[in-house]
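Residue-level structural notes
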Amino acid sequence: KMSDELPAQIDVLVVGSGPVGLTAGINLARHGASVLIIDSLEVPDALTKASGLQRRTLELLPTRVVDAVRKDAVRVEGMGIHTATLNQILNLSPDDGETAIWAQEQWRTEAMLRTELDTVASLGPAAVRRGVSLEAIDDKGSEGVRATLRIVKTGSECVVTAKYLVGA
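Anyway, here's the lowdown on the structure attached to this text. (Residues numbered from 1 in each chain as written. Predicted model: local features only at pLDDT ≥ 70, side-chain atom pairs only at ≥ 80, totals over all residues. Heavy atoms only, no water.)

1. Describing the sheet that holds strand β11 (residues 157-167)
Worth spelling out the cut-off: In short, DSSP must find at least two bridges between two strands for them to pair. In this text, helices come from DSSP runs of H or I with a minimum length of four residues, and strands from runs of E with a minimum of two, each type numbered from the N-terminal end. Note on geometry: axes are lines fitted to C-alpha atoms, helical ones only across the stretch in contact, with angles between N-to-C directions running from 0 to 180 degrees. Residues are treated as being in contact if the distance between any of their heavy atoms lies within 4.5 Å.
Reading across the sheet, the six strands line up as β8-β2-β1-β11-β10-β9 and stay open at both edges, with mixed pairing between neighbours. This sheet does not close on itself; its edge strands, each paired only once, are β8 (126-130) and β9 (132-139). Ignoring which end each strand starts from, the neighbouring axes of this sheet average 40 degrees apart. In terms of strand pairing, strand β1 (residues 9-15) meets β11 through six bridges, oriented parallel. Bridge pairing in β11 links V14 to V166. Seen against the sheet, helix α1 (residues 19-30) touches β1, β2 (35-39) and β8 and runs at an angle of roughly 170 degrees to β2.

Laid out in structure tokens, this is it:
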């Protein structure tokens, strides 16, 4: 685990702590990279933008997260898109039992991923810092990037040097 302070140097800076940013952070930390995931929002957004987890998505998630999804989420066997007069224009029902979509609020998926990130943080220091925005990037070529970060609540800024920057 990282300290509560923002590090001056990091292997990878991930901007965005939604499902994509958290999954990237987990996989990077698993391979020993030090990872800082930032998000300008102080708390996760209650508005769900990604509620359906398809089979291909589950293949990319850690096993513990997939197990938690299958335990807690609703299995959607099929769905259709209809016109206002209820004429079906698209049927999304799977042909087999393996193609179901698992549905749950995005914040639940993010909580599962946060738990997994905490678990793998011993392999490579990894942390999520909310209320931190990316203000500027100075590309240093083969030396990585110099990122100016702002603490949203206080307006104070700091500089973090990262070998890689991932926008998620």
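2. A look at the sheet that holds strand β4 (residues 74-76)
As summarised here, the arrangement of the three strands in space is β3-β7-β4, forming an open sheet in which the pairing is antiparallel. Lying at the two open borders of the sheet, with one neighbouring strand each, are β3 (52-53) and β4. One ladder, built from three bridges, connects β4 with strand β7 (residues 101-103); its direction is antiparallel. Each bridged residue has a counterpart across the sheet, and for V76 the counterpart in β7 is I101.

3. Points about the packing of α1 against helix α4 (residues 106-120)
Put simply, the rule is: Throughout this description, any angle smaller than 35 degrees is read as roughly parallel, any larger than 145 degrees as roughly antiparallel, any in the 65 to 115 degree range as roughly perpendicular, and the remainder as oblique. By convention, the crossing between two helices is left-handed when the near helix turns anticlockwise from the far helix through less than a right angle, and right-handed when the turn is clockwise.
Two elements in contact, α1 and α4, have axes separated by 9 Å at closest approach and are oriented at 15 degrees. Relative to α4, the element α1 lies roughly parallel. The handedness of the crossing between α1 and α4 comes out as left-handed. In this structure, α1 uses P19, L22, T23, G25, I26, A29 and R30 to contact α4, whose residues at the interface are Q106, E110, L113, R114, E116, L117 and V120.

4. What to know about helix α3 (residues 63-72)
Here is the rule: Three exposure classes are used, based on accessible area relative to the maximum for each residue type with a 1.4 Å probe and protein chains only: buried under 20%, partly exposed in between, and exposed over 50%. By arc we mean the arc of the directions from the helix axis to the C-beta atoms, nothing more.
Along α3, the positions that sit buried rather than exposed are V65, V66 and V69. End-on view of α3: buried residues confined to an arc of 100 degrees, all on one side of the axis. Facing away from the buried surface of α3 by more than 90 degrees, the exposed residues are T63 and K71. Buried-residue contacts for α3 involve β3, α2 (55-60), β7 and α4.

5. Focus: the environment of V120
For V120, the location among the structural elements is in helix α4. In this view, V120 contacts I26, A29, R30 and R64; residues no more than four positions away in its chain are not counted.

6. Quick word on the nonpolar core
Generally speaking, soluble globular proteins have nonpolar side chains that are buried together. As a reminder, the rule being used: Residues belong to a common nonpolar core when they are buried Ala, Val, Leu, Ile, Met, Phe, Trp, Tyr or Cys residues joined through side-chain atoms within 4.5 Å.
The biggest cluster of nonpolar side chains holds 23 residues, and the ones touching the most others in it are I37, L58, V69 and L117. Counting residues per element, the ones that place at least two in this core are β1, α1, β2, α3, α4 and β8. Apart from residues no more than four positions distant in its own chain, V69 is found in contact with L53, L58, W102, Q104 and M112. Listed in part, the 10 residues of the second largest apolar core include L13, L36, A147 and V160.

7. Observations regarding the pattern of salt bridges
Note the cut-off: Salt bridges are defined by distance alone: a side-chain nitrogen of Lys or Arg within 4 Å of a carboxyl oxygen of Asp or Glu.
One pass over the structure, following the stated rule, counts 10 salt bridges. Here E135 makes a salt bridge to R150, at a shortest N to O gap of 3.3 Å. Placement of the pair is E135 in strand β9 and R150 in strand β10 (residues 145-151), with a sequence separation of 15 residues. Each of R30, R64 and E116 takes part in a single network of salt bridges with overlapping partners.

8. Re the environment of S133
Keep this limit in mind: Pairing of N or O atoms within 3.5 Å defines a polar contact, subject to two protein rules: one partner must be a possible hydrogen donor and the other a possible acceptor, and residues neighboring in sequence count only if both atoms are side-chain atoms.
Topologically, S133 is positioned in strand β9. Each C-alpha atom, one on S133 and one on G167, is 12 Å from the other, the two residues being 34 residues apart in sequence. Excluding anything up to four places from it in sequence, S133 contacts I38, S40, T148, L149, R150 and V152. Among the polar contacts made by the side chain of S133, one reaches the side chain of E135 at a distance of 2.6 Å.

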